[in-house]
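Observations on the three-dimensional arrangement
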Amino acid sequence: MKFPSLFSSLLMLSTICLPVQSMAAPPAPFYDWSGPVTDAPGTMLRSEPLKATWLPADTGKAFKILYSSTDGMKPENKVPVSGYILIPSGPAPKGGWPLVIWAHGTTGVADVCAPSWMGPAARDQAYLNVWLKRGFAVVASDYQGLGTPGTHPYLLYRPEAYSLLDAARAVLKQHHFDIQNKAMIVGQSQGGGAALAATWAFPHYAPDLNIKGAVLTGLVTAIHQDTPELNEKRYTTVDAMDPAFATLRLAGTDQAIHPETDPSSLFSEKGKKMLEVAHNGCLHDLFREAKKLNIKTGKELVSRDITAYDRDMTRYFELPDGHLTVPVFLGTGLADNMAGTTGQYGAALALCKAGSVVQWHKYPGITHSGAVNYSLPDSEQFTHDIMNGSPVASSCSDMTPPGPIQKPTPNIPFNQ
């Protein structure tokens, strides 16, 4: 297979760069906001210049940010949320840089897994650098409870949507960032679901934001209008989940929904060892621990029936409907054996059924991770059309099932 020049450089990067390692020291005092948050959602609480080896090559300036947001579990409360902003190199265009609101994929639920602290993996560094080259500033939220006090409500749509939208609000109020109110929401995996939730929520939660469209890859979501037989339970039902992700669901999602419950009471003896890793390490640490303990599925983690927890998780995870007011780009690798493809197809159908404009791209031989950068040429055209007010082609009249999960094609960047 022949790649555009973009993929040649990405392939080299994918072979020499490893994900940033976890098990670091606890996050710095910057993240600790011990008092109540009294400022309106989307208010900058503090910021500082960000100096890190992981910054994408085309970053001109970078800042770590802490801002106020609505508590997605108790909307009457406000919480501090952390993140970062990347400003492209060179002079800003007239009116300021347009903005990408970036939603990261699963890292973990421990504070050390906050991307603003440990940095994104090489795949995401490469991806964000392309957006910087396109002339977008990038604001990235760590999400509620990741880096900052409280439990991270893993995969739950309201906390993630509010965190993303309030990050954009906070940086737009800082005139020295030189950003204009013209934004794309972009996300992968957990972040794909978060970005979809933010795209769904902004008309009523943050109508002050001028969001033009969304780009999602490896989408992990559920939509209430979805066809029941297309709902994959892999990311909602612990028994069927990969043990690393199941641990995060139990330690993050379920703990956020049921804060009165001692999470260790749900776990088997092996599961308690996984829980300890989740409290101190990140996703790849959980993968290693599950392999060490020879745990194959989430079912082995639990010590009692958690059917009621599964039902509650669905209620907080599932979007109420699929109606979006702006076009959305979906990129699905047909070799995605992590998020699966049927659920992504079901989400596309539900969005179309609700009247949304959906452009769905299917990539043969491309995995969950590979789809992020592989989709860039297609998302570039989509974004160009959106930002310039041109019509966007919809796939809604030509939706076909993705078929069985394919084998990954070798020698494609990040296509492991």
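Read on for a plain summary of the structure.

Rules used in this analysis
Residues numbered from 1 in each chain as written. Predicted model: local features only at pLDDT ≥ 70, side-chain atom pairs only at ≥ 80, totals over all residues. Heavy atoms only, no water. Phe/Tyr/Trp six-rings, centres within 6.5 Å; stacked < 30°, edge-to-face > 60°. Helix = DSSP H or I, 4+ residues; strand = E, 2+ residues; numbered from the N terminus. Buried < 20%, exposed > 50% of the residue type's maximum accessible area, 1.4 Å probe, protein only. Lys NZ or Arg CZ within 6 Å of the ring centre and 35° of its normal. Salt bridge = Lys/Arg side-chain N within 4 Å of Asp/Glu carboxyl O. Pairing = 2+ DSSP bridges. Axes fitted to C-alpha atoms, helices over the stretch in contact; angles between N-to-C directions. Contact = heavy atoms within 4.5 Å. Arc of directions from axis to C-beta. Core = buried A, V, L, I, M, F, W, Y, C linked by side-chain atoms within 4.5 Å. Right-handed = clockwise from strand over helix to strand, strands pointing away.

Following the criterion strictly, the structure yields 13 aromatic pairs and no others. Taken together, a centroid distance of 6.2 Å and an interplanar angle of 85° make the contact between Y31 and W117 edge-to-face. Within this pair, whereas Y31 is found in the loop between α1 (5-16) and β1 (44-49), its partner W117 is found in helix α2 (residues 115-118), the two being separated by 86 residues in sequence. Judged by relative accessible area, Y31 falls into the buried class, the value being 1%. Here the aromatic residues W102, Y127, W131 and F136 are joined through ring pairs into a cluster of three or more. If you follow R46 out to its NZ or CZ, it ends over the ring of F30, 5.9 Å from the centre. The ring centre of W131 lies 4.4 Å from the NZ or CZ of R134, which sits over that ring.

Turning to the pattern of salt bridges, a few remarks are in order. Scanning the entire structure with this criterion turns up eight salt bridges. A salt bridge links R169 to D166; its shortest N-O distance comes to 3.0 Å. Linking R169 with D166, this pair stays in helix α4 (residues 157-172), spanning three residues, or about one helical turn. Salt-bridge contacts for D254 lead to R249; the nearest nitrogen and oxygen are separated by 2.9 Å. Each of the salt bridges in this network shares a partner with another, and the network as a whole consists of D166, R169 and D208.

What follows deals with the sheet that holds strand β8 (residues 328-333). Across the sheet, which stays open at both edges, the nine strands sit in the order β1-β2-β3-β5-β4-β6-β7-β8-β9 with mixed pairing between neighbours. The strands lining the two open edges of the sheet, one partner per strand, are β1 and β9 (358-363). Taken pair by pair, the neighbouring strands of this sheet meet at an average axis angle of 20°, ignoring direction. Of the strands in this sheet, β2 (59-70), β3 (78-88), β4 (97-103), β5 (137-141), β6 (179-188) and β7 (211-217) touch helix α3 (residues 122-133), which is tilted by about 65° from β3.

This part takes up helix α8 (residues 283-293). Looking only at α8, the buried set comprises L283, D285, L286, E289, A290 and L293. Buried residues of α8, seen end-on, are gathered within an arc of 150° and therefore sit on one face of the element. Among the exposed residues of α8, those pointing more than 90 degrees away from its buried face are K291 and K292. For α8, the elements touching its buried residues are α6 (243-257) and α7 (269-280). Looking one or two places after α8, you find N294, whose phi comes out positive at around 60°.

Now for the nonpolar core. L99, I101, L165, V171, L330 and V358 are the most contacted members of the largest nonpolar core, which has 58 residues in total. Setting aside anything within four residues of it in sequence, one finds V358 in contact with V328, L330, A348, L351, C352, A393, S394, S395, C396 and M399. Listed in part, the 35 residues of the second largest apolar core include L155, V238, M241 and L248.

Right, let's get into the pairing of β6. In terms of burial, β6 is largely enclosed, as seven of its 10 residues are buried. Relative to β6, β4 runs parallel, the two sharing six bridges. Residue W102 lies in a different strand from β6, and its bridge partner there is V186. One ladder, built from six bridges, connects β6 with β7; its direction is parallel. What sits directly across from V186, in β7, is V215. Running through helix α5 (residues 190-205), the crossover from β6 to the neighbouring parallel element β7 is right-handed.

A word on the side chain of T332. With respect to the secondary-structure elements, T332 resides in strand β8. Take T332: its relative accessible area is 1%, and that puts it in the buried class.

Before going further, it helps to spend a moment on the pairing of β9. Extensive coverage of β9 is indicated by the burial of five of its six residues. Pairing between β8 and β9: six bridges, direction parallel. Looking at β9, one finds that T332 is bridged to K362. A crossover connection joins β8 to the parallel β9 through helix α10 (residues 342-353); in handedness this β-α-β unit is right-handed.

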